[in-house]
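# Structure at a glance
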Amino acid sequence: STFVMRMQEDTGESSAAVAKAYSIAREVIDARQSWGEIDALDGAVSESAQIDALMRIWNVLRAMTRWLLQRPASERRDIAASVARFQPGMAELSAGLSQVLSGDDKSDFAEDRAHWLDLGFPQALAERLSLLPQLGSALDMIEVAHAHSVPVLDVGRVASEVGQVLHLRWLAERIESLPVEGRWHALARGVLRDELQSQQSALVGQLLDDKETPIKKRVSKWVGRDDPALRFTLQMFAEIRSQRSIDYPTISVAVRRLTQLVNYAES
């Protein structure tokens, strides 16, 4: 009930719409299978480890539900149609995304997998849980793949590489760590989260349109070109990352700068 109320406050949608979006998200990531596998580990792993695993699934479900609620109602009216639209792409990402991750994303996945294995989780479940932090934006990746007619794993590769260059995962973590004192702070944090994901997807889409460059070289080509807007953005983000504390205005400036970078590339 708290989840439904919070989603209603954040999006203005009805409880029925929240329930429908949640149902779509649950089916797309096949949460029931993971829940069953975690429950089957009773006595084999610690209860706290099982709770941590369940919370990891929950965090992705919450992110996906919120993303779906931002879409036009006509696109999520039919649960079965929505599941059919997103489930194949999710299956591809779940099966192959770990192979195309780069930098910290790749090392974090490997460390996370080792952590779950050490706790006693089966390898398949450990890998699935380790990939979940990368799948919070999976629906966006799938939509970008549809829009640009490219394999969804190409989207995942470019998104990971762009995120490494601009330290967007770090920025997303700083957004999540912002203090929340009341409804308006919660709304502001949600807006920043949504805008960051939206602009990263827009930037990835621009790079995917460069059909002349091999997919593995597109980000390096983009970074290596003489682009004053990109240089300024990288310098600004480096200065922000050097600060000891980050507040709402600082994060807002960073997200706004990312939007300007995307708009500059489009012009």
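Located above this text is the structure these notes cover.
To keep things clear, this report deals only with the structure shown in the data block. (Residues numbered from 1 in each chain as written. Predicted model: local features only at pLDDT ≥ 70, side-chain atom pairs only at ≥ 80, totals over all residues. Heavy atoms only, no water.)

A word on helix H10 (residues 168-176). Buried residues of H10: Leu168, Leu171 and Ile175, and no others. Within H10, the buried residues cover an arc of 55 degrees as seen down the axis, which keeps them to one side. (Buried < 20%, exposed > 50% of the residue type's maximum accessible area, 1.4 Å probe, protein only. Helix = DSSP H or I, 4+ residues; strand = E, 2+ residues; numbered from the N terminus. Arc of directions from axis to C-beta.)

So, on to the packing of helix H2 (residues 15-28) against helix H3 (residues 31-39). When two helices pack together, their arrangement is given by the angle between the helix axes and the distance between those axes. Between H2 and H3, whose axes approach to 6 Å, the crossing angle comes to 65 degrees. On H3, the residues that touch Tyr22, Arg26 and Glu27 of H2 are Ala31, Arg32 and Trp35. Grouping the constituent residues of the contact of H2 with H3 by class yields three nonpolar, no polar and three charged. (Axes fitted to C-alpha atoms, helices over the stretch in contact; angles between N-to-C directions. Contact = heavy atoms within 4.5 Å. Nonpolar A, V, L, I, M, F, W, Y, C, P; charged D, E, K, R; others polar.)

Let's shift gears to the nonpolar core. Counting 78 residues, the largest nonpolar core has Met90, Phe121, Leu139 and Leu166 as its most contacted members. With nine residues, helix H4 (residues 47-69) is the largest single contributor of residues to this core. (Core = buried A, V, L, I, M, F, W, Y, C linked by side-chain atoms within 4.5 Å.)

Here the focus is the packing of helix H6 (residues 103-118) against helix H7 (residues 123-131). Across the interface, H6 lies against H7 with an axial gap of 8 Å and an inter-helix angle of 135 degrees. The orientation of H6 relative to H7 falls into the category oblique. In terms of crossing hand, the pair formed by H6 and H7 is right-handed. Between H6 and H7, the contacting residues are Phe109, Asp112, Arg113, Trp116 and Leu117 on the first element and Gln123, Ala126, Glu127, Leu129, Ser130 and Leu131 on the second. Of the residues assigned to the contact of H6 with H7, the class counts are six nonpolar, two polar and three charged. (Parallel < 35°, antiparallel > 145°, perpendicular 65-115°, else oblique. Left-handed = near helix turned anticlockwise from the far one by under 90°.)

So, on to unusual backbone geometry. Of note in the backbone geometry, Asp30 takes a positive phi value of approximately 55 degrees without being a glycine. Residue placement: Asp30 occurs in the loop between H2 and H3. Looking at Asp30, the relative accessible area reads 36%, which means it is partly exposed.

This paragraph deals with the packing of aromatic side chains. Following the criterion strictly, the structure yields four aromatic pairs and no others. Their ring planes at 65 degrees and their centres at 6.1 Å tell us that Phe3 and Tyr22 sit as a pair that is edge-to-face. One end of the pair, Phe3, is in helix H1 (residues 2-11); the other, Tyr22, is in helix H2, with 19 residues separating them in the sequence. Neither Phe3 nor Tyr22 differs from the other in exposure class; each is buried. An aromatic cluster of at least three residues, connected via ring pairs, comprises Phe3, Tyr22 and Trp58. We note Arg85 situated over the ring of Phe86; from NZ or CZ to the ring centre the distance is 6.0 Å. (Phe/Tyr/Trp six-rings, centres within 6.5 Å; stacked < 30°, edge-to-face > 60°. Lys NZ or Arg CZ within 6 Å of the ring centre and 35° of its normal.)

Before going further, it helps to examine the pattern of salt bridges. This model, assessed by the stated rule, comprises 19 salt bridges. Between Arg85 and Glu143 there is a salt bridge whose closest N-O contact spans 2.7 Å. Taken together, the residues span a long stretch of sequence, with Arg85 in helix H5 (residues 79-96) and Glu143 in helix H8 (residues 138-148) at a distance of 58 residues. By relative accessible area, which is 40% here, Arg85 ends up partly exposed. A salt bridge links Asp227 to Arg225; the shortest N-O distance between them is 2.9 Å. Asp227 sits in the buried class, given a relative accessible area of 4%. Assessed through its relative accessible area of 41%, Arg225 is described here as partly exposed. A cluster of three or more residues bridged by salt bridges with shared partners is formed by Arg6, Asp10, Arg66 and Asp194. (Salt bridge = Lys/Arg side-chain N within 4 Å of Asp/Glu carboxyl O.)

Bringing the environment of His148 into the picture now. Structurally, His148 is set in helix H8. Placed 57 residues apart in sequence, His148 and Gly205 show a C-alpha to C-alpha distance of 7.1 Å. What His148 contacts, discounting residues up to four positions off in sequence, is Gly205, Asp209 and Lys211.

It is worth spelling out the side chain of Ser98 at this point. One can find Ser98 in the loop between H5 and H6. Using a relative accessible area of 16% as the deciding quantity, one classes Ser98 as buried. Side-chain polar atoms of Ser98 contact the side chain of Gln99, separated by 3.4 Å. With sequence-adjacent residues up to four places away left out, Ser98 is seen in contact with Phe109 and Leu131. (Polar contact = N/O pair within 3.5 Å; in protein donor to acceptor, adjacent residues only side chain to side chain.)

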